[in-house]
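# Descriptive structure summary
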Amino acid sequence: MTTLEIVEILVRIAWLVGAVGFVIGLSRMNSPATARNGNLVSAGGMAIAIAATAILILVRQTNGEPIAGVAWIIIVVGIALGGGLGLYTARTVKMTAMPQLVSLFNAVGGGAAALIAIDDYLHLVDAGAAVRIDTNVFIVLDIIIGSITFTGSIIASGKLQGLIPGKPIQVPGGQLVTIALAAVTVVSALILFVTGTPNLLLMLIILAAALTFGVTMTLPIGGADMPVVISLLNSFTGTAVAMAGFVINNPVLIIAGALVGASGAILTKLMADAMNRSVLNIMIGGFGGGDDAAGAVAGPGGAVRSIGADDVAIQLAYAQHVIIVPGYGLAVAQAQHAVRELAELLEERGVDVKYAIHPVAGRMPGHMNVLLAEANVPYPQLKEMDDINPEFARADVALVIGANDVTNPAARRPGSPVSGMPILDVDQAKSIVVIKRSMGKGYAGIDNELYTNEKTGMLFADAKDGLAALTAAVKAL
Amino acid sequence: MTTLEIVEILVRIAWLVGAVGFVIGLSRMNSPATARNGNLVSAGGMAIAIAATAILILVRQTNGEPIAGVAWIIIVVGIALGGGLGLYTARTVKMTAMPQLVSLFNAVGGGAAALIAIDDYLHLVDAGAAVRIDTNVFIVLDIIIGSITFTGSIIASGKLQGLIPGKPIQVPGGQLVTIALAAVTVVSALILFVTGTPNLLLMLIILAAALTFGVTMTLPIGGADMPVVISLLNSFTGTAVAMAGFVINNPVLIIAGALVGASGAILTKLMADAMNRSVLNIMIGGFGGGDDAAGAVAGPGGAVRSIGADDVAIQLAYAQHVIIVPGYGLAVAQAQHAVRELAELLEERGVDVKYAIHPVAGRMPGHMNVLLAEANVPYPQLKEMDDINPEFARADVALVIGANDVTNPAARRPGSPVSGMPILDVDQAKSIVVIKRSMGKGYAGIDNELYTNEKTGMLFADAKDGLAALTAAVKAL
Amino acid sequence: MSFDEIQGLIDLLTVFLLAILVGIAVISKVPATLHTPLMSGANSIHGIVLVGAMLIAAGATTPISQLLSLIAVAFATMNVVGGYVVTDRMLQMFRKKVVVVPKPAGDDAEAAS
Amino acid sequence: MSFDEIQGLIDLLTVFLLAILVGIAVISKVPATLHTPLMSGANSIHGIVLVGAMLIAAGATTPISQLLSLIAVAFATMNVVGGYVVTDRMLQMFRKKVVVVPKPAGDDAEAAS
Ligand SMILES: NC(=O)c1ccc[n+]([C@@H]2O[C@H](COP(=O)([O-])OP(=O)(O)OC[C@H]3O[C@@H](n4cnc5c(N)ncnc54)[C@H](OP(=O)(O)O)[C@@H]3O)[C@@H](O)[C@H]2O)c1
Ligand SMILES: NC(=O)c1ccc[n+]([C@@H]2O[C@H](COP(=O)([O-])OP(=O)(O)OC[C@H]3O[C@@H](n4cnc5c(N)ncnc54)[C@H](OP(=O)(O)O)[C@@H]3O)[C@@H](O)[C@H]2O)c1
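What follows covers the overall build of chain A. Across its full length, chain A carries 16 helices and six strands. Dimensions of chain A along its principal axes, counting C-alpha atoms only, are 85 × 50 × 35 Å. Out of the 477 residues belonging to chain A, those deemed buried represent 60%. Summarising the internal contacts of chain A: among those between residues at least 6 apart in sequence, 77% fall at separations of at least 24. Total accessible area on chain A stands at roughly 17300 Å², and carbon and sulfur atoms take up 66% of it. Both charge centroids of chain A, one from 27 positive and one from 33 negative side chains, sit 4 Å from each other.

This is the structure:
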């Protein structure tokens, strides 16, 4: 065998090794203890696969395959650009902004997959010869799925970043537009398949339609549902990459792509379940109201007792056990530092303070963890739901900050949108204080009888201001 | 494309469908709720794969491939024979004898895999041409692994069935023999690989060596360890089948074989862990004494209180809660019916009777379940360890029948062979009665301080006789 | 071996490798009482060797080949039929349990959290 | 499509299918706090598209192809590098937890039983 052939074989083996690395990495990321190491294993596999590819190209060139020197410029420049950008943003992004960044990375991944198909199709157009049906199908699927993820993920990212209003944007007749686009795509695709001849125009139509579809599909979905949507689009990208693998007939792309496509789909379902929503329900826009819930005023069933900062301060200062229950509102108000200050102040006075972290408090899994980690709240103080729930009974004060659904006792009864979701047993505490701006509803858009519980005092304020006031009041004691 | 080609393709797809069925089936067999359905799914996949193969052969024949009519006779007769035998034995075997039957099925599976390689090699010998190294390797591996499983599984089955004494059989210099055999096999294999020319003699040497190796490997292992050994050999067969797939270049054999090879290995580890032994430790013969433990008399640290059937009968008859703790001894004595009689008698007298089932009581997982199920003990009366342990404190009498290690409090302390194994909290019961023949040790071969507990009375008898005596005594009251 | 032969081999090895990964991933925490049925279930699956046995039977021309393939077919079929039947019998024990152990994915996700 | 072409296609589809099965089996009960990191981790993996991007760059002769492949390479690299780095940052949260959540297989088997 020629050197080239030997190298070709070694590279294929290296690709396999890389793929195995991805699988091992993913499975290790299933549990907190091994997650970080798993990510490293996966990265290692990636490094191997990429290095092998570079070597392959090099050897091909030295063995007289026509590879223009500019190819190397493209590769080096491209890697430098993309790598630098990725590294910089990933390093500097605030923890709370990570989901939208992940969404961006997902967008470019999908984009790259689509570009591979487009480039391949251009070659076919130049050649002009009839295209094999399967090649045709894979190319079209790659372009469609890749483009949808590209624009869809960008919109999702924009919504989380607040560049695009998080509230569902209902374009008049939006549904129709979406359906029309889908129709156009399908029809053009079918024409391509039937007449095997390459047709640039039709391909561009498909491309345009898919890109627009990604936008119209994502816009109407509430910001709160974005984590699920991003996960779904992530699974899409995996599929697109697998399709690209079929197009350029490369096994590692197929394996890794299918792996992400499948595991991403499962993960999406887990995420939706965790905040008991159905994925379908989300994609066609369910109650995921996003921001618009906040601020909306609605009188619940019973009488509400409003309470002042000074009274709360006294309760807190002379309590023994205080449990802080952070929610989405804490994130909106960016009050993580304020809450840490108050907690530290109380601890100096000998109060034992813990944070009760509901798995789906906030708008992304682990939202509260990242938020409080960012404010350097000591990790041991964060208690997961199952650990803290028994302790509420012994808590003198439960301080609920911008949390709503995750404390709603209605979840214990069937028939409400949150039914079945396990909640924090805040109502067990001896006394309850809730900081929020109004009687506005939460993500699920329902009233919270906790607020009308006679043990509950409502401190109506923006979380940050309210906490500042409390800190001041406690200091003043 | 010709009809044959079309069929070839459809068959390949059918094989894939079958393989997917296996995977889905296996994963559903991970939890009791779905296990039975999972087995059906897997069987469905098998049916599809086999039917497709039959069709393939038929079409090949009708399309002029030289397939002797006798081939069909072979297939039909073979299927009739094997199917009938398998069906009959599987239908009629006693539940407690199932593991040895599974081992037999495993043996024939491995044998079939080896035969495929042998047949293929004979063809190569006829052809006489040099053999490709990879073909060579796969054939040799298939023959070696297949043969080892064949004889090994038969021995294992014989030990469980009692046809071969369960106690470790130490042939003088057995280790040496085993090592010698391994050496012979490896050397001959290497010769074959280097000189690519097919060599029947060497192949027969390898075959003979591997077959003998299977025997010498399994004989020295105690009967108690057989479940683990069978599971390991099961994983071997999977690998052998995968090798056969490489030999005849058939994807479904490769996929299904690798699937069983890998999952079997994991399962073997789980099994060994459950009775906290290490697989290696078992294969080189650890403390797994098997039968020989029984009967061996050894005085433990403290004084033992022996007690008579009549006294026990009174305790039982006037108790409110009785928990029966069955162990390996119950299986040895085949006392499952006797124990059910006693339990029913007590229940008629208004005593509440439950059975505490330790996951690794007996000599195979679920041993007690099958044993008592065979005696039609109502399933709801069988309580798993975690459910029953809290109840021992409320039990008036804990009746331990031929159970030892699974009740040994030494497991709660480090440093003993059973350390770390969760046990039944028998010592929590108000009063304890142990039925066994002597102070003989259990599987782990260590003393059980439960027997010297002052709450404990020892009723020295064969489980069956002892229970009969108790039943009589209770009736006499 | 020629380049193409090695390529073909790698294709098969890829499938082999992936199947192994599936096998590893598919066995999760199994209650000990399911160990024996699960072993028996896996045991039936390698009865797939019957497919191979049938194929060599179809190609058997010499008497010796025919004998070998006859034994192989019989062995493999015994593995398949007996394996599935005995596994099913073992699993009948869990009949009544079916109602006791339902777990919707939702629960899992939350239970795990 | 010719017979051989279809055969080749089925080979690839087999790999595709098996990889899907691995993907499904590999995700078990994940604590909700790990959902985002896990999503991000999977996201980095499809950065493997960089391999494809590099290959088309090597084959790019026309300016348009070169432009497309440049963008593709840059995009893919961003996906890879950014993805792994940001995932690692997320997972640093679990540092202290490592000691808390060790689970030897032994425990599992028994816990499950
Ligand atoms: N974690 C996830 O992965 C995820 C993803 C998507 C959806 N979800 C869903 O989101 C919900 C999370 O529950 P949650 O209790 O954390 O939040 P929530 O139920 O959405 O309630 C948030 C509350 O915070 C208040 N708020 C908003 N801005 C505030 C500010 N600046 N200062 C003080 N309060 C403010 C709002 O009331 P006012 O307007 O009266 O201030 C609102 O009622 C669950 O339903 C969950 O299923 C979670
Ligand atoms: N379940 C599995 O999968 C599996 C597999 C392999 C090994 N194991 C191991 O086996 C052990 C199971 O514990 P175990 O308590 O069930 O059994 P054990 O610890 O092996 O003790 C069995 C006891 O039964 C007594 N016995 C024997 N024949 C008897 C008869 N005819 N009548 C009355 N008593 C009789 C023996 O004492 P006398 O001689 O004094 O009568 C012996 O001490 C564990 O160590 C487990 O790890 C389990």
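This part is about the confidence of the model for chain C. Mean pLDDT over chain C: 83, with 81% of residues reaching 70 or higher. Here the predicted complex carries an ipTM of 0.81, next to a pTM of 0.82.

All names here are of chain A. Within the element layout of this structure, tyrosine 121 appears in helix H4 (residues 98–127). Each C-alpha atom, one on tyrosine 121 and one on isoleucine 139, is 7.3 Å from the other, the two residues being 18 residues apart in sequence. Not counting residues within four places of it along the chain, the set of residues in contact with tyrosine 121 comprises Asn136, Ile139, Leu192, Thr197, Pro198, Asn199, Leu200 and Met203.

Turning our eyes to something else, we now look at the sheet that holds strand S4 (residues 397–401) of chain B. Residue and element names in this part refer to chain B. Strand order in this open sheet of six strands is S3-S2-S1-S4-S5-S6, and the pairing throughout is parallel. One side of each edge strand has no neighbouring strand; the edge strands of this open sheet are strand S3 (382–384) and strand S6 (456–460). The sheet shows a mean angle of 25° between the axes of neighbouring strands, taken without regard to direction. Across five bridges, S4 lies against strand S5 (residues 431–436) in parallel orientation. Bridged to valine 397 within S5 is serine 431.

Attention now moves to the nonpolar core. Residues Phe392(A), Ile48(C) and Ile48(D) are the most contacted members of the largest nonpolar core, which totals 328 residues. Among all residues touching Phe392(A), those that are not within four sequence positions of it are Ile323(A), Val325(A), Ala356(A), Ala398(A), Leu424(A), Asp425(A), Val426(A), Gln428(A) and Ala429(A). If you look at the next biggest cluster of nonpolar residues, it comprises 61 residues, including Val339(B), Val351(B), Met368(B) and Val400(B).

For the rest of this paragraph, the subject is the packing of aromatic side chains. One pass over the full model with this rule turns up six aromatic pairs over all chains. When the centroid spacing of 5.4 Å and the interplanar angle of 70° are considered together, the rings of Phe246(A) and Phe16(D) count as edge-to-face. Here the residue Phe246(A) occupies a position in helix H8 (residues 226–247), and Phe16(D) occupies one in helix H1 (residues 3–26), the pair thus bridging two chains. Across this residue pair, the class does not change: Phe246(A) and Phe16(D) are buried. Sitting above the plane of the Tyr328(A) ring, Arg363(A) keeps its charged end 3.7 Å from the centroid. Across the ring face of Tyr318(B), the terminal group of Arg349(B) is positioned such that the distance to the ring centre comes to 5.8 Å.

Right, let's get into the interface of chain C and chain A. In this assembly, 17 residues from chain C lie in contact with 21 residues from chain A. Summing the contributions of chain C and of chain A, the shared interface buries around 1600 Å²; its carbon and sulfur component is 72%. Across the chain C-chain A interface, the total number found is one salt bridge. For Asp11(C), the salt bridge identified is with Arg12(A), shortest N-O distance 2.8 Å. Linking chain C with chain A are two residue pairs in polar contact (both at pLDDT 80 or more). In terms of residue count, the dominant contributor to the side of chain C that touches chain A is helix H1 (residues 3–26) of chain C (nine residues). A per-class count over the side of chain C that touches chain A returns 10 nonpolar, five polar and two charged.

Parameters and conventions
- Residues numbered from 1 in each chain as written.
- Chains lettered and ligands numbered in written order.
- Predicted model: local features only at pLDDT ≥ 70, side-chain atom pairs only at ≥ 80, totals over all residues.
- Heavy atoms only, no water.
- Helix = DSSP H or I, 4+ residues; strand = E, 2+ residues; numbered from the N terminus.
- Buried < 20%, exposed > 50% of the residue type's maximum accessible area, 1.4 Å probe, protein only.
- Contact = heavy atoms within 4.5 Å.
- Areas by Shrake-Rupley, 256 points an atom, 1.4 Å probe, with all protein chains shown as cover.
- Lys, Arg positive; Asp, Glu negative; His and termini not counted.
- Charge placed at Lys NZ, Arg CZ, Asp CG, Glu CD.
- pLDDT = per-residue confidence, 0-100.
- Pairing = 2+ DSSP bridges.
- Axes fitted to C-alpha atoms, helices over the stretch in contact; angles between N-to-C directions.
- Core = buried A, V, L, I, M, F, W, Y, C linked by side-chain atoms within 4.5 Å.
- Phe/Tyr/Trp six-rings, centres within 6.5 Å; stacked < 30°, edge-to-face > 60°.
- Lys NZ or Arg CZ within 6 Å of the ring centre and 35° of its normal.
- Buried area = accessible area lost by both parts, 1.4 Å probe.
- Salt bridge = Lys/Arg side-chain N within 4 Å of Asp/Glu carboxyl O.
- Polar contact = N/O pair within 3.5 Å; in protein donor to acceptor, adjacent residues only side chain to side chain.
- Nonpolar A, V, L, I, M, F, W, Y, C, P; charged D, E, K, R; others polar.

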